[in-house]
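# Descriptive structure summary
So you can see what is in the structure, the chains are spelled out below.
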Amino acid sequence: MSETVTRRRKQPGRMKFKSRMTIPSHEDECGRQGALQRFSAMWSSFRRGKGDRVKGPEPIETEGLVPDKPSRQPRYVSGQYFFEYLVVVSLKKAKESSSYEPEITYQFPKRDGMVRFQKEKEEKTLKAITLFCFPEGINWTPLTHYPSETFSFVLTEIDGSRRNGYCRRLLPEGKGARPPEAYCIISTLACFGLFSKIIRLTRPLDSWLEHVNFTVLFKCLTAEEVLQVFAATVLERRIIFIAEELGTLSQIIHAVAALLHPFTWQHTLIPIVPEILIDVVMAPTPYLLGVQKRLLGLVTDQSDMLLVDLSEDKKGTFLASFGDERAILPKKLQTEMLEALNNRQQALSVEDLNQVVTEPFLQFFVKTVGHYSSYVKYRGVEEQRVFEKRSFYKAIQSKSTRHFVKKFIQTQMFDLFIQEVEQHQCGPQQGIFHRKIIEYHRKKKRVMEKKH
């Protein structure tokens, strides 16, 4: 025998799945902030079953067998993986040619520590995947319209083992003519119905709206009240939401956090505070907390916080406040946001409502801090990227906007955003926020050209 023999005793009636997903490295994520983050969020929901906690039997040792070559791939006693690869295959223009060739532009996971023959085997597999994702060959031209389609294929190894490819082709997000790209899952499991449903969930959208539904937010609060909550949140204050229903608390807090995009709430966030942990409301640091109404009496110190009542029988929305919530946002921008939110249609789908609601908040950040990239400069011998904070806010012409930005740049969410920009050139500026900035400046330029 040329290979080490390892036997595993099967446990009847039990199939185990393990997700290989971890958070991809920053290098893998650059330029893939839309649908790919949705994949990561989606895969994380595939948890291990109870059977995974049962330690499998030790492999039976076989004496006297010397392997000719290393083991191909680690085989885990606890069961097989739910999927083997997640890849994005894009059509890239060939050098010195007008034809397009399929190429993997994203791969998860990326395996390290493989020996030469393992790398060669993986390269052959990945090459085969690209060909099956685009079996039509190289005769592709950029398109402005392409109906998405879902299909599957099978990769058969020399030993007869099979791996299934579940593929969805669609036109990537963007403007103008462009070639389609394919999202593909490779798995040993033959479950076309299941994987076709999963693969259809991928859309070229930014992922911060995953699991967010603004319907409940505007059912509990008026547009003006939402802006006051947003104002307190953007300055990282202590905010508690009160409601009877657990679902209301969790949906409201996730919705409020989503309004901060492209920034991320960096402090304590507990959508539903258990009674045993109610003392967390006494913390002096910023937080977003959801507390059931029956526990309101335990929130004894209501100073220096925004206490928001979401219940239907409320006498007033704000049980406690700082008193300056209406004055935090620049008045002109606040009026624009309020008008946009009041003009939303009631019969919109969840997805359409999410886009309509988030648009004015994205525009708010575009108009207040969208010029940040112009003030990230290279300095020193090593040419490190440094953000010139003082020059940044002094460049703002509007006095009220400058006053707001001067406070906002002191927050932890803005600080970490800028740190990411300084450390990685393709950091948080990629995605919908970056596109909105470009669109805003183009529109502004057209207006100026018309005046002249």
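Each value, and the rule that gives it
- Residues numbered from 1 in each chain as written.
- Predicted model: local features only at pLDDT ≥ 70, side-chain atom pairs only at ≥ 80, totals over all residues.
- Heavy atoms only, no water.
- Patch = residues over 30% accessible without salt bridge, like charges linked within 9 Å, V, L, I, M, F, W, Y side chains within 5 Å.
- Areas by Shrake-Rupley, 256 points an atom, 1.4 Å probe, with all protein chains shown as cover.
- Salt bridge = Lys/Arg side-chain N within 4 Å of Asp/Glu carboxyl O.
- Lys, Arg positive; Asp, Glu negative; His and termini not counted.
- Charge placed at Lys NZ, Arg CZ, Asp CG, Glu CD.
- Helix = DSSP H or I, 4+ residues; strand = E, 2+ residues; numbered from the N terminus.
- Buried < 20%, exposed > 50% of the residue type's maximum accessible area, 1.4 Å probe, protein only.
- Phe/Tyr/Trp six-rings, centres within 6.5 Å; stacked < 30°, edge-to-face > 60°.
- Lys NZ or Arg CZ within 6 Å of the ring centre and 35° of its normal.
- Pairing = 2+ DSSP bridges.

Taken together, the side chains of Lys175, Arg442, Lys443, Arg446 and Lys450 make up a positively charged region of the molecular surface. Checked against the element boundaries, Lys450 lands in helix H13 (residues 432-451). Classification of Lys450 as exposed rests on a relative accessible area of 76%.

Cis geometry is found at the peptide bond from Phe108 to Pro109, where omega equals -5°. Of note, Pro109 is situated in the loop between strand E4 (100-108) and helix H3 (116-133). In this structure, the amide linkage connecting His261 to the following residue, Pro262, adopts the cis form with an omega of 15°. Locating Pro262 in the fold gives a position in the loop between helix H7 (246-258) and strand E9 (268-270). For Glu236, which is not a glycine, the phi torsion comes out positive at approximately 55°.

Moving on to the pattern of salt bridges. Pairs can form between side chains of opposite charge whenever their charged atoms are close. The final tally for this structure, using the stated rule, is 14 salt bridges. Of the charged contacts, one joins Lys293 and Asp309 as a salt bridge, the two residues approaching to 3.7 Å between their closest N and O atoms. Of the two residues, Lys293 is situated in the loop between strand E10 (287-292) and strand E11 (306-309) and Asp309 in strand E11; the sequence distance between them amounts to 16 residues. Classification of Asp309 by relative accessible area gives buried; the value is 4%.

With that settled, consider the packing of aromatic side chains. Taken as a whole and judged by the stated rule, the model has 23 aromatic pairs. For the ring pair Phe230 and Phe361, a centre distance of 4.8 Å and an interplane angle of 70° mean the geometry is edge-to-face. One end of the pair, Phe230, is in helix H6 (residues 223-234); the other, Phe361, is in helix H9 (residues 350-369), with 131 residues separating them in the sequence. By relative accessible area, which is 1% here, Phe361 ends up buried. Summarising the aromatic geometry, the rings of Phe404 and Phe408 are spaced 5.8 Å apart at their centres and angled 10° between planes, so their arrangement reads as stacked. Note that Phe404 and Phe408 are positioned in helix H11 (residues 399-408) at a spacing of four residues, about one turn of the helix. Classification of Phe404 by relative accessible area gives buried; the value is 1%. Here Phe408 falls in the buried class, since its relative accessible area comes to 0%. The side chain of Arg237 reaches across the aromatic face of Phe322, ending 4.3 Å from its centre.

Right, let's get into the pairing of E11. Each regular strand shows side chains that alternate between the opposite faces of the sheet. What you see with E11 is no split at all: Leu306 and Val308 on one side and Leu307 and Asp309 on the other are buried throughout. By the bridge criterion, four bridges tie strand E8 (residues 238-243) to E11 in an arrangement that is parallel. Directly across from Ile240, in E11, lies its bridge partner Leu307. Pairing between E11 and strand E12 (residues 318-320): two bridges, direction antiparallel. Pairing of Leu307 across the sheet is with Ala320, part of E12.

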